[in-house]
Every structure is written in structure tokens, then in C-alpha cells.
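In case you want the letters, here they are:
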Amino acid sequence: MDIGAPVRHPVSAGQGRTPTQFFIPAAASLQERRPRTLKHGDTFAVFDHNGDAISGPGSPEGLFHRDTRYLSHLYLTIDGQRPLLLSSTLRDDNATLTCDLTNPDLFDSGGQLVVEHDLLHLRRSRFLWDGVCHERLAVRNFDEHRRQVKVEISFAADFADLFEVRGMHRERRGDMQTPEIGSDHIVLAYVGLDGRRRATTLRFDPIPHEISADHATFLFDLEPRQARIVVIEIACDRVTAGPLRRSFGAALRKARQALRSSSARAAGIETSNEIFNEAVRRSISDLYMLITDKPEGPYPYAGIPWFSTVFGRDALITALETLWLHPAIARGVLSHLASKQATDIDPATDAEPGKILHEVRYGEMAELREVPFRCYYGSIDSTPLFVMLAGAYLDRTGDIVTLRRLWPSIEAALDWIERFGDRDGDGFLEYGRQTDDGLINQGWKDSHDSVFHADGTLAKGPIALAEVQAYAYGAWRAAAAIARALGLTDRVAGFENRARVLRAAFDEAFFDEQLGTYVLALDGEKKPCRVRASNAGHTLLTGIAHPDRAAVLAKVLMASTSFSGWGVRTLATTEARYNPMSYHNGSVWPHDNALIAAGLARYGFKREAARIFEGLFAASTYIDLRRLPELFCGFARQHTRGPTFYPVACAPQAWAAGAPLYMLQSCLGLGFDPSPVQITFDEPMLPEFLGDVTIRNLVLDGGSADITLRRSGSQVVVDVLDRRGPVRVVTTA
């Protein structure tokens, strides 16, 4: 995906199996590590359960800032031994990581036991704020005797570019600088081939007993019950000053306040199922952790560890999933992407006028164009999704002011769809990279083998994907609605006609009666890829699917060959390239399922949508922190067993975090009409695992409401607990 994710394509179509520079080797399982992640702004960190970072093949551990690893090694020992883990917890709001540790049995040089295990307690409290990792280490003696304790913290900074960490080999690197060592600090620095100096500054309080280029040592005499505190600050390209203990407290208050402030603007959700409540709280916390404040507004980065940066497609879909909950996210995404919209043709970055970007990177390799992602536009669907989201945002908020400001960018995007997106003039959007360095496949399934024919032969481009035509249809419909709202009445009929023509052409070219579904794609010769895939489910999302196709399509999607019990597989088990352990050819993706569920609900198949919802919720009950990952394997659900995890799936991942929120909206039939200031529930239903749902502070045009929905027999009853302002709540049975 360079949604991104482990992109496994060969150097060029038809050549061997040699991976390109964008390959992510599965040398280490993230599921096995179950790492602890923190993020703020353009900085994120990945630690193990002890709070250490131990780099190695395939390991994403360390402290990263703007696509560079500023700390590659962090290791705590007590009297030369690694402490034993007691617990490792993230706060519910993801603000801090707390690791509780204790000493193992400690022996002297002669092998004599000198300290029994579990007498010394170590607590590491850590968080990120403004490019700095702050840590407070407390060491307490619970022995009845006075103890001398040696605590050592070793560290290293390799300043590896994120693409190096992902597995790419570089022939040349820049120069490591001589460490600058002071009594209470050390500066590790690197000058890259781009001429830029990157520096990691570690500061300690109290002054270490010993400090060198790779470790700091503290010696404590601890009376019974006595504790000593060490405060550590690890700054990425920052010059900090002042007492560390004071700055730790001040930064912690700012971090918690920022999370509270951002999440307070969103609607609150509480249900009768406490486990689901935990999953929802984690989803919302993950979303706000992944959000980075841009000058244009809040923007959700795609995921950790590999994609903590601006992605177009991911943010657009995440904003769509969370639009009902917090529309300011959509406004921020639209505004930021508009500011980055392409204005020129640049083959090296797959840029064309009006195109919405795919990915932005800030590391040394991107600056040197060793990878094409400095500001890269190689996705076929970001542009129509941009227009779609703009229309959905208008429907949700009625915010004419923002839409008027965005209109030039919307027009440019529509112009790109006509002039550049349709490469051969047949009315469909096709993709094909402009250079050999670009992504081979440019839909959301961007593995090299994700688009193929029934016999497994890889399709040759330019390729027209089924779901991309659905997004284009949604874009033309949205453009008509926006033009009408802006008073551009002369444009409305033209946009509506384009949508109408596309819908008819799509049905004729893509629907396969024998398969009972829309084909995966058309290849460069307009031959259909007669494959049953989840892509077809997206045609329900935007309404491009003809109503008389919906029932048979729903049947195919929910058949056991496609629906695993946990969710709809990316590829049916009947297909030539099906592999439940693959990235895109048989796995289950939460965001994919959320979009399919929304489409099913749109066509009246809410029971099927609820089955998908139940499957993903059930999967989350087996997952650490109730956190839905980027994807998991597509093996069939079995009684008393959880899902099979994908080894290098990112978690948290923004559009996975948004999936349960979007599925809840779909089942409730929750919609908005800003004109009469009306919140609507269209034939609401609740999945079996929810008896009632309460939504508080549901905002619309200056008003808000608190609402409870309860199952009563076969019906769902809507109770308005409170209304503020002119908002009305309407239910249709």
C-alpha cells in the first residue's frame, strides 16, 4: 500500500521477484514485539515493553523525527542486569507510557546471591512533546536493608533514514560527528549527504556518576523505602535549557491539555458494552495521537511506525470515517491537501496540475531524491476522494465559507480527472507511473501483485480500478452539490451529466453476470480482470452500483469465500492469487470493511453491515489495547480462537482507528441536514453486541444534542436526552 505499507513489487512488471527500494522486509514481527508507541507532531517513538529501544533487522524501535531515527538504542540495566517487566501501560489517552520493572536475582562476581528479586522497583514514565522525549525514572528500595544500586542507561543514535530502517540499502551515508560530552549532557550528531546536521541531545538530572559517548551511569545509596528520581530529556534538533524536573512537569501538562482540548470538541460515545467502550476510547485516542496540527488545521498522519507522515488517501478516508464525530478533521485535511495540490507536470513525482498528493517525506533520502516521496503524487484515487470529502463536509456542516475558499482547488481536481486521470479518453480513470521509480500500482492496494486476471496473470496498465470509478462518480455528484450550494447553477447540470454517463458506462464495462459482482479492474487493453475482490464493495459506498446489482453483490461479499467471519477479505478464496497471509490478496483490512459496510447500509443491507461490524469488534477483543491494526490475515474465524495477525501491520493506523466509528454511523443511519439544522437516524439498527448507544455533544450548525438509541424488540428507539440551540432530531423507520 504505499498507503503505504510493506510494498512488495518487483523492479518492473514481469521481472523476477527482486524487491524494489520500497520493500519492507518481514524480518521481525511487530505482533510478536507488540511495541509501545508514542507520537506528537512530527516525532514518534517505538519502544519495547520495558521502555527500551533495541534496533536490529526489521526493528522499528527508536525515536524518530521527520523521517529520521534520532535514537536507535536505549537500554536500561540495574547492577548490569536487565530489569524484569512487571507491567507496561499506555494511558487511555496515549499521553504517557509507564513501565514498571523490578530487579532480577543479582549475584556478585563469585556467584553469590546479593539481592533477591523483586526488592527494587523501577518506574519509567515517558511522553513526547514538541520534538522532545521526556522521561522520569523512579528507583525505590523495598528491601528492609540499605542497598547500593547502579543504574546504567546506554544509548546510540544511528540517524538512519526511515527508508533505511524499512530495509533499503544505501551505498553512501553522511558522517557521524564526534560526540560533545558535558557533565550532564551529550550531543550526538550526524551531517547527511544533503548537507544538513541532525543532532540528538540527551540531558540528565541529577548529574551522572559517569557519562560517555554511549552510556550514563548513576550510583544510588537507598535506605529502606527510599526512592531516587532521574529525569532524562532526549531532544531532536532542539536546544533546551532550564531545570529538567520543571520542564518535565510543564511539558506533561501541555501534552495532556492538548489531547483533552482536541478530543473535547468531538462527540462522546458510551454504550452498554464495556469492552466496546474500551475499543472506542482507544480508537479515538489513537486518532488524536496521530493528528498533527498543520497551519491549515488538524491532519491525521497515516500510522506508526512506517507511515507517520502526510498521506493523501489515508487522511481523506480517515476524515470521511470521522466526519460525523469531528468535522474539523475533514476541514483540516481538505485545507492542507489544497495547499499541496500539484500545479505542474513533474514525471519524477507523478505530479500533474490539479492532482492531490499521495505522500510527503522529510528525510535525507527524500531530500536527495533517493526515494521519490519528498512530495509525491502517485495515487489515482486521492484526487476524486478529495472532491468526495469536500461534498460530504458540506453535507455535514453547511460550511459555505470553507467550500467557497476551496472551490478553486476543487475545480483544479475536477480538471485533473478529465484531462489527466482519463489517460485514454474512454471516460474511466486509469493510472500508470511516469518513471520507473514511481509506484507500480497506485490504488489503495498497491502491492505489485494486487491487480491480475482470473488465471493469476498480472494486469498490464494503464489500469482502471473498479473502486476508483466509484470515487470519480462520487466526485462528480459532490461537485454538482457544491456548485449548487455556491450558486454556480450553470455548472450543476454538466457535473450531474458526467456522473450519469459514468454510471452507465461503468455498469456496462465492469459488471460480470457470471461472477455476480463488478470486476476488479480493466487492464490497458480494456480486458476485465474477472476477479472477486473487496474493491467491488466500494461501488456501493458512492452509489455508482445500480440498485438491481446491489442484492447479488451483497450476497457475493457476505459469502464464506469472501467474508471470513472477522470481515470481508480483500480477495475471495476462489481466486488464483488468494493467500490469507498476503498483504492485499486475501487479508482483512478494517478500513476496507468500514467502507463496504457503509455501502451496504446505503443500499438497505444493514444486517450485513452489522455482521461486518460484529466481526471486526470481535477481532478487537483479542488484540492488545483493543487496537485494530492496519490489517490481519484472512483465515476463517473459528470458535474460541482469535484472528491471525499480520506480522508487520502498523498499529495504530488512522483509517483502522476510524473504522469502528464509521461502522457505528452506518448501522445507526446517522445523517445531517444543515439547512433545517436536523440530525437524522434513518432506519437505525444496533448490532447484537450493543443494547444501547449514547452519543453526547453531537454538533450541527451551532446547536448540539445528546441522544440515546436503545434496542426494543426488533426496533431501535431514539431518545433525545438534551438539545442545545435550534437542532432537531428526526427518525425514519
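Residues numbered from 1 in each chain as written. Predicted model: local features only at pLDDT ≥ 70, side-chain atom pairs only at ≥ 80, totals over all residues. Heavy atoms only, no water.

S.K.: An account of the overall build of the chain is requested, with residue identities and associated values reported.
M.R.: Along its length, the chain carries 17 helices and 36 strands. For the chain, whose C-alpha radius of gyration is 27 Å, the value lies close to the compact-globule estimate of 27 Å for 733 residues. The principal-axis extent of the C-alpha atoms belonging to the chain is close to 80 × 60 × 50 Å. Taking as baseline every contact in the chain between residues at least 6 positions apart, the subset at least 24 positions apart corresponds to 65%. As displayed, the chain has an accessible area near 26,700 Å², and 48% of this comes from carbon and sulfur atoms. Of note, the chain has its 82 positive side-chain charges centred 3 Å away from the centre of its 91 negative side-chain charges. (Helix = DSSP H or I, 4+ residues; strand = E, 2+ residues; numbered from the N terminus. Rg over C-alpha atoms; globule rule 2.2 N^0.38 Å. Contact = heavy atoms within 4.5 Å. Areas by Shrake-Rupley, 256 points an atom, 1.4 Å probe, with all protein chains shown as cover. Lys, Arg positive; Asp, Glu negative; His and termini not counted. Charge placed at Lys NZ, Arg CZ, Asp CG, Glu CD.)

S.K.: How would you explain the packing of aromatic side chains if you had to name every residue and give the values?
M.R.: In the structure shown here, the tally under the stated rule is 26 aromatic pairs. Residues Phe-276 and Phe-689 carry aromatic rings whose centres are separated by 5.6 Å and whose planes lie at 55 degrees to one another, so their mutual orientation is tilted. Taken as a pair, Phe-276 in helix α4 (residues 274–290) and Phe-689 in the loop between β32 (678–682) and β33 (692–700) lie far apart in primary sequence, 413 residues in all. Summarising the burial analysis for this pair, Phe-276 and Phe-689 share the class buried. (Phe/Tyr/Trp six-rings, centres within 6.5 Å; stacked < 30°, edge-to-face > 60°. Buried < 20%, exposed > 50% of the residue type's maximum accessible area, 1.4 Å probe, protein only.)

S.K.: An account of the pairing of strand β7 (residues 84–90) is needed here, citing residue identities and associated values.
M.R.: Strand direction decides the pairing type here: β7 and strand β8 (residues 97–102), joined by 6 bridges, are antiparallel. Paired with Leu-84 across the strands is Thr-102, a residue of β8. Adjacent in sequence and paired antiparallel, β7 and β8 are bridged by 6 residues, among which Asn-94 carries a positive phi angle near 65 degrees. (Pairing = 2+ DSSP bridges.)

S.K.: Residues and numbers for the pattern of salt bridges, please.
M.R.: Counted according to the given criterion, the structure contains 48 salt bridges. Put simply, Glu-370 and Arg-170 hold a salt bridge, and the shortest N to O gap is 2.9 Å. Of this pair, Glu-370 sits in the loop between α7 (364–367) and β25 (375–376) while Arg-170 sits in the loop between α2 (162–165) and β14 (175–176), and the two are 200 residues apart along the sequence. Exposure remark for Arg-170: the relative accessible area of 7% places this residue in the buried category. Among the ionic pairs, Asp-194 bridges to Arg-198, the shortest N-O distance being 3.0 Å. With relative accessibility at 25%, the residue Asp-194 sits in the partly exposed group. On the basis of relative accessible area, Arg-198 is assigned to the buried category, the value being 1%. Several salt bridges share partner residues, and in doing so they unite Asp-48, Asp-52, Arg-82, Arg-124, Arg-126 and Glu-135 into one network. (Salt bridge = Lys/Arg side-chain N within 4 Å of Asp/Glu carboxyl O.)

S.K.: Break down helix α6 (residues 327–339) for me, with residues and values.
M.R.: Helix length check: α6, at 13 residues, gives a terminal C-alpha distance of 19 Å against a target of 18 Å (1.5 Å per residue), a fit within 8%. Buried residues dominate α6, accounting for 11 of its 13 residues. Of all the positions in α6, only Pro-327, Ala-328, Ile-329, Ala-330, Gly-332, Val-333, Leu-334, Ser-335, His-336, Leu-337 and Ala-338 are classed as buried. (Expected span 1.5 Å × (residues − 1).)

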